Structures are given as C-alpha cells and as structure tokens.
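What follows is each chain in one-letter form.
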Amino acid sequence: PAAFIGSPAAQAFKAMEGYVNATGGIHGRPIRMTVLDDQTNPQVAVQLVNALAAKHVAVFIGPMATASCNAVVGLIAHGPVAYCVSPFINPPPGSYMFVQGGSPSDGSVATLRYLKERGLRRVAMLDATDATGQALDRAVEAALSYPEFRTMQLVSHLHFAPQDVSVAAQVAQIKAANPQALISWNLGSAFGTVAHGLHEAGL
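Residues numbered from 1 in each chain as written. Predicted model: local features only at pLDDT ≥ 70, side-chain atom pairs only at ≥ 80, totals over all residues. Heavy atoms only, no water.

Draft legend 1. Fine view of unusual backbone geometry. Residues Gly62 and Pro63 are joined by a peptide bond in cis, for which omega reads -5°. With respect to the helices, strands and loops of the structure, Pro63 is situated in the loop between strand S1 (59–61) and helix H3 (66–72). Phi at His27 takes a positive value of approximately 55°, unusual for a residue other than glycine. Relative to the assigned elements, His27 resides in the loop between helix H1 (3–22) and helix H2 (42–54). The class of His27 is exposed, set by a relative accessible area of 81%. In this structure, Gln39 is a non-glycine residue whose phi angle is positive, near 60°. Considering the arrangement of structural elements, one finds Gln39 in the loop between H1 and H2. (Helix = DSSP H or I, 4+ residues; strand = E, 2+ residues; numbered from the N terminus. Buried < 20%, exposed > 50% of the residue type's maximum accessible area, 1.4 Å probe, protein only.)

Listed below in structure tokens is the structure:
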C-alpha cells in the first residue's frame, strides 16, 4: 500500500548514493544504500529490523508506514538509530527512533486554526481505520477540546477501511450533516477513494 512512497524514495536514495560516491564519498569513504521492502507489513518490518540489529547496523531510514514504525520502535530501545518516515507516531523519550515532520497534534491545531480564521465552524472527518487514521482521529479530537476551538463543532466523524473502493455511504452521511469543511488525512489510494467519493456526491 505504501509503494507509491517507497519506490520513489528508494530511487532517490540510490541516486544520492551515486552522487556522493562520484564526488568523493563521506570523508573519502563510499556509501552503500541497501533498500529493503517491508511490503507495508508490520510483521515483515519486525523481521527486517531484527536482521539489521543482528548485523549491528548503526542507522536505518524507515519504516515508511505508521503501523510499521509502531511495530519496531520497541525493538530499538538500545539502538540502532531509526528515522521513521511517518510523522504519526510518538516515540518514547530517549528512544533511538526519530520522526520526520510535525506531530499530528501540531497539524490538527494548525488545520483547525486555518478553518476557524475563515469562519468555518462545522467540521466533518473521514479517515481510514489504519494506524495513521487512528493517530489523526485522536489528534483532532484532542485539539477540538482546546478553549480556542470551543465555537467549532464536529458534525460527522466517519471511517472506512484502507482497502475499500467506495466511501459513498460515508459521504452521503457527511453531506446530510451539512459541514462547512471536511478533514480527511489519507495517503495514496485511500485518498483517491475519498476524492472520488466526494466528486461523485457533488461536494
């Protein structure tokens, strides 16, 4: 499911490897990027990280998906260093896992402020049931409890499975709730499903 992120990322890392080595390496030493495929499967990610730890790898970039990052964070309490590409996890203090981007909480507050400043108070949410969707659900619900958003209302909060090919039923309920804005933080084919459903419903 995350191949649309993983494939171009792998190509970029191999291109970086070629450039760095062609320009003298790092302190004169060449680098080698090894790309492993966890198939967006947390169980496979655990197997791969255990194998990397057994080889005493110092650092790795990944996993790409929230569920896989959550699955491996406990395995690296004493290293190696991991750079999770998903911003939707909160590694424990002192963890060897680092996360890119802002937190879901920060993103939720920024999103709600953007909507509020434009006079949009009635909000709906439509998220997938995967780990990313769950993290975003919690973050938006927490942000809505802040005093600055007391005038805002979550009028519809619905979900769908990432592999669903239609969200027509959910979109119909959202349309009936008459929101002024829809928050739907999904990636890849799941976002395409949502966009298609909104278009078909005339939203």
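Draft legend 2. How the structure looks around the sheet that holds strand S5 (residues 153–160). Ordered in space as S5-S4-S6, the three strands form an open sheet in which the pairing is parallel. Every interior strand has two partners, whereas the edge strands, S5 and strand S6 (181–183), have only one. Neighbouring strand axes in the sheet, compared pairwise and without regard to direction, differ in orientation by 20° on average. (Pairing = 2+ DSSP bridges. Axes fitted to C-alpha atoms, helices over the stretch in contact; angles between N-to-C directions.)

Draft legend 3. Structural context of the side chain of Ser108. Note that Ser108 resides in helix H4 (residues 104–117). A relative accessible area of 1% means that Ser108 is categorised as buried. Contacts of Ser108, omitting those with residues within four sequence positions, involve Ala139, Val140, Ala143 and Trp185. (Contact = heavy atoms within 4.5 Å.)

Draft legend 4. Structural detail: the pattern of salt bridges. Following the criterion strictly, the structure yields three salt bridges and no others. The partner of Glu148 in a salt bridge is Arg113, with the nearest N and O atoms 2.9 Å apart. Separated by 35 residues along the polypeptide, Glu148 in the loop between helix H5 (131–144) and S5 and Arg113 in helix H4 bring together distant segments of the chain. With its nearest N and O atoms 3.9 Å apart, the salt bridge here joins Arg118 to Glu117. Take Arg118: its relative accessible area is 46%, and that puts it in the partly exposed class. (Salt bridge = Lys/Arg side-chain N within 4 Å of Asp/Glu carboxyl O.)

Draft legend 5. Looking closely at the state of the cysteines. Counted under the stated rule, the structure contains one disulfide. Covalently, Cys69 is tied to Cys84 through a disulfide, its sulfur atoms 2.0 Å apart. Judged by the sign of its S-S torsion, about 100°, the bond between Cys69 and Cys84 is right-handed. Taken together, the residues span a long stretch of sequence, with Cys69 in helix H3 and Cys84 in strand S2 (residues 81–84) at a distance of 15 residues. With relative accessibility at 0%, the residue Cys69 sits in the buried group. A relative accessible area of 0% means that Cys84 is categorised as buried. (Disulfide = S-S within 2.5 Å.)

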